[in-house]
Amino acid sequence: MTSVNGKTYFCINVNKYFPPLDFAVVRPASLNSPKDNAVMFIMEKNIAQADVFYGVNHCLIYWPETMAVPVGVAEKHAVYKCADPHLSYCKFFSENNITYYPPMEEYSLVNGAFIAKTAKIGQNPRIFPGAYVGGEIDIGDNVYIGSGVKLVGEIHIGDNVVIRENTVLGADGLTTDRDENGRAVTMPQFGGIVIEDNVQIGANVVICRGAIDHTIIRRGAKISNGCLISHNIHLGADTFVVDESCMFGSCSTGEQVLISGNSTIRNGIHVGSRSIVGMGSVVVKPVENGATVKGNPAK
């Protein structure tokens with residue numbers, strides 16, 4: 001079976017959950033990028049975005065039990081009302097034994113680097129011994145990939161990008177959901193990474209792939225040594241992230257931001273354009289454009 005709007009990741013018939021219905025879901029999707037035949041969820045705080053469901057068909061949607069389901073949505077989709085839509089969404093994958101780990105791949109040994117045979121590599125690459133380039137990697141021109149770099153999963157890399165030694169792109173971000181008994185429930189990470197032109201990434205950096213949509217590093221950004229860029233992050237153009245800083249899941253920046261060394265940005269926080277985060281700061285609230293914040297918590 002082929003997904004209407006892209007890649008097929010699995011194939012689960014919704015009659016398992018709603019016996020009168022008979023269609024399959026084949027991929028995850030988010031409110032930001034809805035797809036046909038997808039598994040999705042919506043939280044009460046996001047209910048104003050529910051109109052996106054009118055633009056797609058045949059989805060399995062986990063819906064907050066406190067909110068009414070519009071008739072038009074119920075007619076197009078299988079809607080499962082529950083107390084915690086995100087948790088129920090995560091359980092869907094464990095109930096159906098769905099994981100999304102990178103596959104074993106055939107590779108060639110080129111100058112001591114392991115390069116999957118389906119990888120796409122542009123002109124004038126410099127790929128050093130001990131690097132691994134997976135089969136879903138698309139690399140532009142004039143790219144530097146240092147020794148020990150690992151590129152895993154779906155990653156799109158632009159021109160003139162530098163990735164220094166022992167960096168890992170495509171690691172899974174940590175999901176922290178627990179079931180009613182406190183046991184961990186893992187959501188597979190299906191997204192990839194987009195690295196635009198002229199990005200520089202230091203040594204020993206970890207950039208996690210997106211949970212559903214891609215993690216995105218915009219043109220001209222610089223990430224220094226030892227940083228963590230977690231899943232679903234959007235890093236703005238010409239932004240600098242200095243040594244050993246951590247940016248947790250789904251946070252974002254505008255353009256020309258400076259995040260000084262050993263700083264921490266809480267998950268889901270936006271740091272505005274041309275702002276400065278002082279050294280060692282812990283950012284737990286949104287930062288306005290042009291602001292300077294510092295301290296723990298940053299003010």
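Refer to the structure above for everything that follows.
Residues numbered from 1 in each chain as written. Predicted model: local features only at pLDDT ≥ 70, side-chain atom pairs only at ≥ 80, totals over all residues. Heavy atoms only, no water.

1. What about the overall build of the protein?
Part 1 of the reasoning: Counting its regular elements, the protein contains two helices and 35 strands.
Part 2 of the reasoning: Relative to the globule expectation of 19 Å for 299 residues, the C-alpha radius of gyration of the protein, 20 Å, shows essentially globular dimensions.
Part 3 of the reasoning: Within the protein, counting contacts between residues at least 6 apart in sequence, those at least 24 apart form 23% of the total.
Part 4 of the reasoning: Charge separation in the protein, taken as the distance between the mean sites of 24 positive and 28 negative side-chain charges, equals 4 Å. (Helix = DSSP H or I, 4+ residues; strand = E, 2+ residues; numbered from the N terminus. Rg over C-alpha atoms; globule rule 2.2 N^0.38 Å. Contact = heavy atoms within 4.5 Å. Lys, Arg positive; Asp, Glu negative; His and termini not counted. Charge placed at Lys NZ, Arg CZ, Asp CG, Glu CD.)

2. Here we look at the pattern of salt bridges
Opposite charge on two side chains permits pairing when their charged atoms draw close.
Part 1 of the reasoning: Scanning the model with the defined rule gives eight salt bridges in all.
Part 2 of the reasoning: Residue Glu154 pairs with Lys7 through a salt bridge whose shortest N-O separation is 4.0 Å. Of this pair, Glu154 sits in the loop between β14 (150–151) and β15 (155–157) while Lys7 sits in the segment before β1 (12–13), and the two are 147 residues apart along the sequence.
Part 3 of the reasoning: One network of salt bridges, in which partners are shared, links Lys7, Glu136 and Glu154. (Salt bridge = Lys/Arg side-chain N within 4 Å of Asp/Glu carboxyl O.)

3. With respect to unusual backbone geometry
Most peptide bonds take the trans form, and the phi angle of most residues other than glycine is negative.
Part 1 of the reasoning: In this structure, the amide linkage connecting Asn296 to the following residue, Pro297, adopts the cis form with an omega of 0 degrees.
Part 2 of the reasoning: As for its placement among the helices and strands, Pro297 is situated in the segment after β35 (292–293).
Part 3 of the reasoning: Even without being a glycine, Asn232 presents a positive backbone phi close to 70 degrees.
Part 4 of the reasoning: With respect to the helices, strands and loops of the structure, Asn232 is situated in the loop between β25 (228–229) and β26 (234–235).
Part 5 of the reasoning: Unlike most non-glycine residues, Asn262 shows phi in positive territory, near 60 degrees.
Part 6 of the reasoning: Relative to the helices and strands, Asn262 is located in the loop between β30 (258–259) and β31 (264–265).
Part 7 of the reasoning: Since its relative accessible area comes to 47%, Asn262 is described here as partly exposed. (Buried < 20%, exposed > 50% of the residue type's maximum accessible area, 1.4 Å probe, protein only.)

4. Details of the nonpolar core
Part 1 of the reasoning: Membership of the largest hydrophobic core comes to 43 residues, with the highest contact counts inside it found for Leu151, Ile195 and Ile223.
Part 2 of the reasoning: Secondary structure elements with two or more residues in this core: β8 (113–116), β12 (137–139), β15 and β20 (193–195).
Part 3 of the reasoning: If near-sequence neighbours (up to four positions away) are discounted, Ile195 is found in contact with His156, Ile157, Gly158, Val161, Leu169, Ile201, Ile207 and Ile217.
Part 4 of the reasoning: The next biggest cluster of nonpolar side chains, apart from the first, holds 26 residues, and it includes Phe23, Leu60, Cys82 and Leu87. (Core = buried A, V, L, I, M, F, W, Y, C linked by side-chain atoms within 4.5 Å.)

Geometric descriptors of this kind do not, in isolation, establish any biological role.
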